[in-house]
Amino acid sequence: VHTYNLETDYHFSPWDRHEITIGAGVRSYRSKAKDSLGQLLFIPEDETTVNYTLFIQDKITLQPDRWTLTLGSKFEKNDYTDYEYQPSARIAFTPNRKNTYWAAVSRAVRTPSRYEHGSDIFSGAAIGNNDVDSENVTTYELGHRILVNEKLSFDTTIFYNDYDDLTITESKPGADIIVNDFSAN
């Protein structure tokens, strides 16, 4: 597997109390899979996939040195599931110089691997699925940071994750097929 990655970002403040970050990137994966024993077959044997990414984030100062709101999203185009979006929102409260509290909600995806998307394992025992979707997680977060001194701080964070469209191997008569048919939290 060979991976090539190029990313750039730009920071600016077009209005009072706004810090905007925009970015873009491209990642290319080139892989060749050949099993000399014939137990693992990838179709095609050689494959190159490309992911394109755009990112925008706005950190808004609601009250100087007290409240900030950060809104943003990552947008991706990939060869397996086409377009994906990954928004996030975070609010932070700093009541004094030593303490910061925050809450956030975010969505993230995991695009299918080459194995999940287009493989034939052990002469048909498990078959990749070209229609498999990305796995999704919505993450909820609460946190607190205490600054002990200028070089030491402690964070405590609580997460709750809600997963959808997780991939599993569905057993049916004949070949087992990889599908999105599982959720967890």
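The model shown is predicted, which means the values in this text are computed figures rather than measured ones.

A. Representation of the overall build of the protein in the model. Along the backbone of the protein there are one helix and twelve strands. Secondary structure elements in the protein, listed N-terminal to C-terminal, are β-β-β-β-β-β-β-α-β-β-β-β-β. A globule of 185 residues ought to have a C-alpha radius of gyration of about 16 Å, yet the protein, at 22 Å, is considerably larger. With respect to the three principal axes, the spread of C-alpha positions in the protein is 65 × 35 × 30 Å. Expressed as a percentage of the 185 residues in the protein, the buried residues total 29%. Across the protein, contacts joining residues at least 24 apart in sequence account for 46% of those joining residues at least 6 apart. When the accessible surface of the protein is totalled, it reaches about 12100 Å², and 55% of it is carbon and sulfur. In the protein, 18 positive and 28 negative side-chain charges are present, and the distance between their average locations comes to 9 Å.

B. Spatial organisation of the pattern of salt bridges. Enumeration over the complete set of coordinates arrives at five salt bridges. With a closest N to O distance of 2.8 Å, Glu-135 and Arg-110 form a salt bridge. Linking Glu-135 in strand β10 (residues 135-149) with Arg-110 in strand β7 (residues 99-110), this pair joins segments that are 25 residues apart in sequence. Residue Glu-135 is classed as buried on the basis of its relative accessible area, which comes to 13%. Put simply, Asp-155 and Arg-145 hold a salt bridge, and the shortest N to O gap is 2.8 Å.

C. The pairing of strand β1 (residues 2-12), seen in detail. Alignment of β1 against strand β2 (residues 18-32), held across eleven bridges, turns out to be antiparallel. If you follow Asp-9 over to β2, its bridge partner there is Gly-23. Connecting β1 to the next strand, β2, in antiparallel fashion are five residues, including Arg-17 with a positive phi near 70 degrees.

D. Quick peek at the environment of Ser-28. One can find Ser-28 in strand β2. With 18 residues separating them in the primary sequence, Ser-28 and Asp-46 have C-alpha atoms 13 Å apart. The residues contacting Ser-28, other than those within four sequence positions of it, are His-2, Thr-3, Tyr-4, Thr-48, Thr-49 and Val-50.

E. Spotlight on the pairing of β2. Taken together, the 15 bridges between β2 and strand β4 (residues 46-63) define a ladder with antiparallel strand orientation. When the bridges of β4 are listed, Ala-24 appears paired with Leu-54.

F. Seen up close, a nonpolar patch on the surface. Taken together, the side chains of Tyr-10, Ile-22, Leu-54, Ile-56, Phe-75 and Tyr-85 present a nonpolar region at the surface, about 600 Å² in accessible area. One can find Phe-75 in strand β5 (residues 67-78). The exposure class assigned to Phe-75 is partly exposed, which follows from its relative accessible area of 40%.

Rules of the game
- Residues numbered from 1 in each chain as written.
- Predicted model: local features only at pLDDT ≥ 70, side-chain atom pairs only at ≥ 80, totals over all residues.
- Heavy atoms only, no water.
- Helix = DSSP H or I, 4+ residues; strand = E, 2+ residues; numbered from the N terminus.
- Rg over C-alpha atoms; globule rule 2.2 N^0.38 Å.
- Buried < 20%, exposed > 50% of the residue type's maximum accessible area, 1.4 Å probe, protein only.
- Contact = heavy atoms within 4.5 Å.
- Areas by Shrake-Rupley, 256 points an atom, 1.4 Å probe, with all protein chains shown as cover.
- Lys, Arg positive; Asp, Glu negative; His and termini not counted.
- Charge placed at Lys NZ, Arg CZ, Asp CG, Glu CD.
- Salt bridge = Lys/Arg side-chain N within 4 Å of Asp/Glu carboxyl O.
- Pairing = 2+ DSSP bridges.
- Patch = residues over 30% accessible without salt bridge, like charges linked within 9 Å, V, L, I, M, F, W, Y side chains within 5 Å.

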